[in-house]
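Now for the letters of each chain:
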Amino acid sequence: MILGYFQTEGAFQRPYVDLILQFPVADNRQLEVSFLIDTGADRTLLSPAEGARLRQQLGIDILSLPFGPPIGGVGGETQTKMIDSTLDIGGQSISTTLSLVEPPPGQFPTMPSLLGRDKFYQLALFMEYRTDRLLLLDESETEPISIGAM
């Protein structure tokens, strides 16, 4: 089980979870990343700020990574790079290829890394704002839970 948290940003409480990532291209060195849980995002994304950390802390040459599919949003379309990694989610390792958002030339947008639906398929997400509880459970932890027939 992973315990998440709610962070106040302006007038809103947003759900976050901190995960450890390992990168084969950097001899499996690790980086802790704070992800905004985004149930509307199709895929998990690493922010441009995390790309800078990958370069500075792990020595990963971001420019040499292969291009991925672009992402679209309110600000238009932005190119991505792809990087292989392993997510450690509560002791469960998930090998995955993540998209790294490239900042537009001359800009460095402030955006969080997003944990999208592509990772929720393997997990159960429980968010309860009244008590500030946010839980990510793996398959073995959800088996004993019975919600009942509706």
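For the structure, see preceding data.
What counts, and at which threshold
Residues numbered from 1 in each chain as written. Predicted model: local features only at pLDDT ≥ 70, side-chain atom pairs only at ≥ 80, totals over all residues. Heavy atoms only, no water. Helix = DSSP H or I, 4+ residues; strand = E, 2+ residues; numbered from the N terminus. Buried < 20%, exposed > 50% of the residue type's maximum accessible area, 1.4 Å probe, protein only. Contact = heavy atoms within 4.5 Å. Areas by Shrake-Rupley, 256 points an atom, 1.4 Å probe, with all protein chains shown as cover. Phe/Tyr/Trp six-rings, centres within 6.5 Å; stacked < 30°, edge-to-face > 60°. Lys NZ or Arg CZ within 6 Å of the ring centre and 35° of its normal. Salt bridge = Lys/Arg side-chain N within 4 Å of Asp/Glu carboxyl O. Core = buried A, V, L, I, M, F, W, Y, C linked by side-chain atoms within 4.5 Å.

Concerning the overall build of the protein
Of regular secondary structure, the protein possesses three helices and eleven strands. Along the protein, from the amino end to the carboxyl end, the secondary structure elements read β-β-β-β-β-α-β-β-β-β-α-β-β-α. Within the span of the protein, comprising 150 residues, buried residues form 38% of the whole. When contacts within the protein are restricted to residue pairs at least 6 apart in sequence, long-range pairs at least 24 apart make up 50% of them. Total accessible area on the protein is roughly 8700 Å²; 52% of this is exposed by carbon and sulfur atoms.

Some points on the packing of aromatic side chains
Per the stated rule, a full pass over the model turns up two aromatic pairs. Both rings, one in Tyr 5 and one in Tyr 16, keep their centres 6.0 Å apart while their planes meet at 15 degrees; by these two values the pair is stacked. Of this pair, Tyr 5 sits in strand S2 (residues 5-9) while Tyr 16 is found in strand S3 (residues 12-23), placing the two residues eleven residues apart along the sequence. With a centroid separation of 4.6 Å and an interplanar angle of 45 degrees, the aromatic rings of Phe 6 and Tyr 129 are classed as tilted. Within this pair, whereas Phe 6 is found in strand S2, its partner Tyr 129 is found in the loop between strand S10 (123-128) and strand S11 (133-138), the two being separated by 123 residues in sequence. According to the relative accessible area criterion, Phe 6 is buried, its value standing at 13%. Classification of Tyr 129 as partly exposed rests on a relative accessible area of 43%. Directly above the aromatic system of Phe 67 lies the positively charged group of Lys 81, at a separation of 4.1 Å from the ring centroid.

Quick notes on the pattern of salt bridges
Taken as a whole and judged by the stated rule, the model has six salt bridges. The residue Arg 117 makes a salt bridge to Asp 42 at a minimum N-O spacing of 2.2 Å. Of this pair, Arg 117 sits in helix H2 (residues 117-120) while Asp 42 sits in the loop between strand S4 (29-37) and strand S5 (45-46); the two residues are 75 residues apart in sequence, bridging distant segments of the chain. Residue Arg 117 is classed as partly exposed on the basis of its relative accessible area of 29%.

Focus: unusual backbone geometry
At Asp 27, a position not held by glycine, the phi torsion is positive, near 55 degrees. Turning to its location among the elements, Asp 27 is positioned in the loop between S3 and S4. In this structure Asp 27 comes out as exposed when scored by relative accessible area, which is 70%. The phi dihedral of Asp 132 falls on the positive side, at around 55 degrees, and the residue is not glycine. Checked against the element boundaries, Asp 132 lands in the loop between S10 and S11. Judged by its relative accessible area of 47%, Asp 132 falls in the partly exposed class.

Side note on the nonpolar core
Ranked by size, the top nonpolar core spans 28 residues in total, and within it Phe 23, Phe 35, Leu 46 and Leu 54 carry the most contacts. Those elements that place two or more of their residues in this core are S3, S4, helix H1 (48-58), strand S7 (76-89), strand S8 (92-101) and S11. Once residues lying within four places of it in the same chain are set aside, the contact partners of Leu 54 are Phe 23, Leu 31, Leu 46, Gly 59, Ile 60, Ile 62, Ile 83 and Leu 100. Listed in part, the seven residues of the second largest apolar core include Tyr 16, Leu 36, Leu 45 and Val 101.

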